[in-house]
There are 2 protein chains.
Amino acid sequence: MINPFDDTYFMKKALQEAEVAYEKGEIPVGAVIVVEDRIIARTHNLTELLNDVTAHAEMQAITSAANFLGGKYLTKCTLYVTLEPCQMCAGALYWSQVAKIVYGAADHQRGFKTMGTQLHPKTEVVGGILANEAAALMKRFFIEKRNLN
Amino acid sequence: MINPFDDTYFMKKALQEAEVAYEKGEIPVGAVIVVEDRIIARTHNLTELLNDVTAHAEMQAITSAANFLGGKYLTKCTLYVTLEPCQMCAGALYWSQVAKIVYGAADHQRGFKTMGTQLHPKTEVVGGILANEAAALMKRFFIEKRNLN
């Protein structure tokens, strides 16, 4: 049997969240957290609306998933996020001991790989899932923003 | 004239927050954010109460200060925190562009210096203010915790 719930399936859900962010004028990054093929958190970047640099999609997803689970460790969870996490989010994911991180587009400027942020040794990382779609949305956002200013 | 509002003065306020955390059974870390000798945020670690790895004192202080200021950049603020910030908090401070970070005790295991987390190039850092007091409180907490288990 083919499992319909693969990484691409859940990344599409994260991309839908990124599109919601885009519509709100937020840098379009979306995230979902999954346990046993079930989405337990859906979030998108809200730094503009909340006036808060800590309101990245991943940070909200971690808080939301922990709230749902009633415990702060996400050792059985997979985080899907459309953009490679930054230092802050990777640092939060380190504390959460998340089982797996799947990201879309790479962030060669401020992503955790470039910055050298350490994840928990048990965390698996997969990059590049629907990377073109995520990158295209980001590009569209910044082009429109430039044209508006 | 001697300025009574020096780094030690504000670190004492952060230590008072750490003591509140201690009384609640939280890892005792406290923080305050100051603008022009005025405290605009007072916070302490709440990871246990909130069941949330992101609820470090610094993260809450950043959110609280941005809320007070009505803007997400803390370019005129100084953060006082009793323990050297971790990767997550240093990553958040990077985004906040905070003017100055003053910390108490070093965290040679998980502090941002050991982990190599990058701060904003304009952020000044001072460590070791009331370090013994902050470290003593942490030590007391972990000894008591060990004895209870």
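Our subject is the structure that appears above.
Below: a short report on this structure.

What counts and what doesn't
Residues numbered from 1 in each chain as written. Chains lettered and ligands numbered in written order. Predicted model: local features only at pLDDT ≥ 70, side-chain atom pairs only at ≥ 80, totals over all residues. Heavy atoms only, no water. Least-squares fit on C-alpha atoms with pLDDT ≥ 70 in both. Contact = heavy atoms within 4.5 Å. Buried area = accessible area lost by both parts, 1.4 Å probe. Salt bridge = Lys/Arg side-chain N within 4 Å of Asp/Glu carboxyl O. Polar contact = N/O pair within 3.5 Å; in protein donor to acceptor, adjacent residues only side chain to side chain. Helix = DSSP H or I, 4+ residues; strand = E, 2+ residues; numbered from the N terminus. Nonpolar A, V, L, I, M, F, W, Y, C, P; charged D, E, K, R; others polar.

## So, the relation of the copies chain B and chain A
In this structure, two copies of a chain are linked by a rotation about an axis accompanied by a shift along it. Expressed as a screw operation, the relation of chain B to chain A combines 0.0 Å of axial shift with a rotation of 180°, fitting to an RMSD of 0.0 Å. Expressed as a symmetry operation, the mapping of one chain copy onto the other fits a two-fold axis. The C-alpha atom lying nearest the rotation axis in chain B is that of M88 of chain B; the distance is 2.0 Å.

## Here's the deal with the interface of chain B and chain A
On the chain A side, the residues contacting the 28 residues of chain B number 28 residues. Of the roughly 2500 Å² buried between chain B and chain A on both sides combined, carbon and sulfur atoms contribute 59%. Its largest share of buried area at the contact with chain A, chain B owes to V53, K72 and W95 of chain B, together 28% of the area lost on that side. For the pair chain B and chain A, the number of links is two salt bridges. The tally of links between chain B and chain A comes to twelve residue pairs in polar contact (both at pLDDT 80 or more). For the side of chain B that touches chain A, the elements supplying multiple residues, two or more each, are helix 2 (47–50), helix 3 (57–69) and helix 4 (87–96) of chain B. Take the side of chain B that touches chain A: its biggest share by element is seven residues, from helix 4 of chain B. Within the side of chain B that touches chain A, the residues separate by chemical class into eleven nonpolar, 13 polar and four charged.

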